[in-house]
Structures are given as structure tokens and as C-alpha cells.
Amino acid sequence: MNFLRDDCMPEYLYSHFRYFEPGEKHITRYCEEDVLLLIMEGTLRFTENGIPMEIHPGEYYIQKSGLFQTGAVPSDKPTYFYIHFHGQWDDQTGIPKRGIFDRALVSEMEKLTLLNNINASYLSKSAAFLSILSSLTGSEKLTSAQKLTTEVKRLLTDHLQHGISADEMAAQLNFSKNYIIRIFSNETGTTPHRYLNHLRIKKAEQLLNYSDLSVEKIAEECGFSCYSGFYRAFFAENTVSPREYSRNREKHTGLPASPGHPLPSKP
């Protein structure tokens, strides 16, 4: 059964963002719940009933309940959003167990996190969860332009910290760099370079909200060679400095603005 049924209501349980440290492995467990994983960056590695799995940026995967999972090898510093729930499964129709998701869903993830932090009603949290589920799509439904755009997004996310040139993308994807830029711009309304910068700022926002890293370390983690460059790029998107954004964490997440609040350890 590789399809989550979309004709019946799944039961939402809880969710959060997760940020792996270098060398960290997936936990070993039998999970009694279904778990939706949405990978923003890095690669999550684990085995499931002995089968090696790798989930890449821009991909989602649903860990079915009752399977044995272990972290046989370290993951590649993934940042992802997880949702625990109870669902029903089918052999032929529904939401595919694995596929891709639109990066715009990050705003829905943040909304669901805020609803959790302010103890919103179960109905409100379930509605946000269903909104995320309804946006998932299988890669087999994509056009050739959408598939290329997805691959470009994957490359940009994989190389978020150190960057990747248009020539390097062209070599890996076997298309000319002008064609890649044109298709990507038509599909997204922005260039690969601007999209990469946007990804870096979104990652910075997540780390400012959900980690205790210094702003200088966050700048480095997000691919900025100096704090001044990070400051200018961050201010251009948020009209506040990174430090001011961090001081307003409670407004963004419902969490206290004081330090000492790392990401939770549940996967």
C-alpha cells in the first residue's frame, strides 16, 4: 500500500521543524504513527525494514506506521518539517507515499507551528495539516519544464552553503545554462540566483527562530561569506536586521524570545 487515502480524514497528532547537526543519525524505532517528512535541505538517510532510504531537498516521504527505522549512516545535515498522524492506506489511489512538494508550503509549515505554539484548536491545526496534504503531488504528474525546475531547485538547495554556478548546473542537467535560466524563470518568476538567495534567507529565518546559533554562525551556515552581506540580503527581504528578527521570535513562532530553545529532538 503506497498511497495515503485522500477520501477519509487523517488524524493529526503533532509537528515541528527539525534541524540535524553534522554527523547526526536518524533514531532507531518502531513508530506507531504515520510520519510525513518534508525536506527543505540536506539529505535525510535511514533504513526502513532494512531498506536504505534517502530523501532529498524538495521531496516528501511518508513513513508508514509499524515499520522499523534506523539511522545506519549519518544524514547530510537535513532541515525538514515532520508531521505525526494516523492515516489509512490504499494500493492504487490517493497521495503517493513519496513525491515532491512546492517550496511555498514552508509558509503553511510555519503557520502550523505557530498554531501548535499558541495552543490553537484541534480543528485549526487539522485544517492546516490538510492544506499541506492537499498540496502534495507525485512527480509523475509534472511537465518537463516543472521537472527541470524541480531539479534546479534541488541543486540550489544542495549547494545552498557554497553555491553552484549556471555552468555547473548546465553540466549536471545536460541543458544549456540559458535554457535552464529561461525555463526556471518562466516557472517561478525569478532567476536561479535570486531563488538561491531567497532559500538562504528562509533558512536563516528558521535558524533564528528555532536554534540558538549566533547570527554570525547562521550567516556562515546559510552561505554568506561575511555578516555585512548577510545583513543586506536579510534586510532586503524582511526590512529588519537578523538580530532584530531574532528578538521578535515570539511574534513569529509563539516561542519565548530568550535563548536556550533549540529545535526539539523528535524526528
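Relevant structure appears above.
Residues numbered from 1 in each chain as written. Predicted model: local features only at pLDDT ≥ 70, side-chain atom pairs only at ≥ 80, totals over all residues. Heavy atoms only, no water.

Draft legend 1. A look at the pattern of salt bridges. Within this structure, the stated rule accounts for 13 salt bridges. Residue Arg5 pairs with Asp7 through a salt bridge whose shortest N-O separation is 3.0 Å. The salt bridge partner of Glu48 is Lys97, with a shortest N-O separation of 3.5 Å. Within this pair, whereas Glu48 is found in strand β4 (residues 34-48), its partner Lys97 is found in the loop between β10 (95-96) and β11 (98-100), the two being separated by 49 residues in sequence. Its relative accessible area of 5% is what places Glu48 among the buried residues. Judged by its relative accessible area of 14%, Lys97 falls in the buried class. Within this structure, Glu41, Lys77, Lys203, Lys217, Glu220 and Glu221 form a network of salt bridges that share partners. (Salt bridge = Lys/Arg side-chain N within 4 Å of Asp/Glu carboxyl O. Helix = DSSP H or I, 4+ residues; strand = E, 2+ residues; numbered from the N terminus. Buried < 20%, exposed > 50% of the residue type's maximum accessible area, 1.4 Å probe, protein only.)

Draft legend 2. Structural detail: the packing of aromatic side chains. Following the criterion strictly, the structure yields 15 aromatic pairs and no others. Taking the centre distance of 4.8 Å and the plane angle of 45° together, the rings of Tyr30 and Phe68 count as tilted. Residue Tyr30 is located in strand β3 (residues 29-30), and its partner Phe68 is located in strand β7 (residues 68-70); the two are separated by 38 residues in the primary sequence. On the accessibility criterion, Phe68 (29% relative accessible area) is partly exposed. Note on Phe230 and Phe234: the rings are 5.8 Å apart at their centroids and 65° apart in plane angle, and the pair reads as edge-to-face. Taken together, the positions of Phe230 and Phe234, both in helix α8 (residues 227-238) and four residues apart, correspond to about one turn of that helix. (Phe/Tyr/Trp six-rings, centres within 6.5 Å; stacked < 30°, edge-to-face > 60°.)

Draft legend 3. A look at the nonpolar core. Of all hydrophobic cores here, the largest spans 26 residues; its most connected members are Leu36, Leu38, Phe81, Met109, Ile132 and Leu136. Elements supplying a minimum of two residues to this core: β2 (11-19), β4, β6 (59-63), β8 (76-86), α1 (105-117) and α2 (122-135). Per-element tally for this core: the top contributor is α1, with five residues. Other than its neighbours up to four places away in sequence, Phe81 contacts Ser15, His16, Phe17, Leu36, Leu37, Leu38, Met40, Met109, Leu112, Thr113 and Ile132. In terms of nonpolar packing, the next biggest core, distinct from the first, is built from 16 residues, Ala145, Leu148, Met169 and Phe184 among them. (Core = buried A, V, L, I, M, F, W, Y, C linked by side-chain atoms within 4.5 Å. Contact = heavy atoms within 4.5 Å.)

Draft legend 4. Focus on helix α6 (residues 192-210). End to end, α6 covers 27 Å across 19 residues, agreeing with the expected 27 Å (1.5 Å per residue, within 8%). Counting buried positions over the 19 residues of α6 gives 14, a clear majority of the element. (Expected span 1.5 Å × (residues − 1).)

Draft legend 5. Molecular detail of the sheet that holds strand β9 (residues 89-90). Read across the sheet, three strands follow the order β9-β1-β10 without closing on themselves; strand pairing throughout is antiparallel. Strands at the two margins of the open sheet, each flanked by one partner only, are β9 and β10. Direction of pairing for strand β1 (residues 3-4) relative to β10: antiparallel, over a ladder of two bridges. Each residue of the ladder has a partner; that of Leu4, found in β10, is Ile95. (Pairing = 2+ DSSP bridges.)

Draft legend 6. How the structure looks around the packing of helix α3 (residues 144-158) against α6. Closest axis-to-axis distance for the α3/α6 pair is 10 Å, and the angle between their directions is 50°. Regarding the angle of α3 to α6, the classification is oblique. Note that α3 runs across α6; the crossing there is right-handed. Counted together, Val152, Lys153, Leu156 and Thr157 of α3 and Pro192, Tyr195, Leu196 and Leu199 of α6 form the full contact between these two elements. Residue composition of the contact of α3 with α6, by class: six nonpolar, one polar and one charged. (Axes fitted to C-alpha atoms, helices over the stretch in contact; angles between N-to-C directions. Parallel < 35°, antiparallel > 145°, perpendicular 65-115°, else oblique. Left-handed = near helix turned anticlockwise from the far one by under 90°. Nonpolar A, V, L, I, M, F, W, Y, C, P; charged D, E, K, R; others polar.)

Draft legend 7. Expanded view of the packing of α1 against α2. Packing of α1 against α2 brings their axes to within 9 Å, and their N-to-C directions diverge by 160°. The pairing of α1 with α2 is recorded here as roughly antiparallel in orientation. Relative to α2, α1 is oriented so that their crossing is left-handed. Contacts from Leu105, Glu108, Met109, Leu112, Leu115 and Asn116 of α1 reach α2 at Ser124, Lys125, Ala128, Phe129, Ser131, Ile132 and Ser135. Each residue belonging to the contact of α1 with α2 can be placed in one class, and the counts come to seven nonpolar, four polar and two charged.

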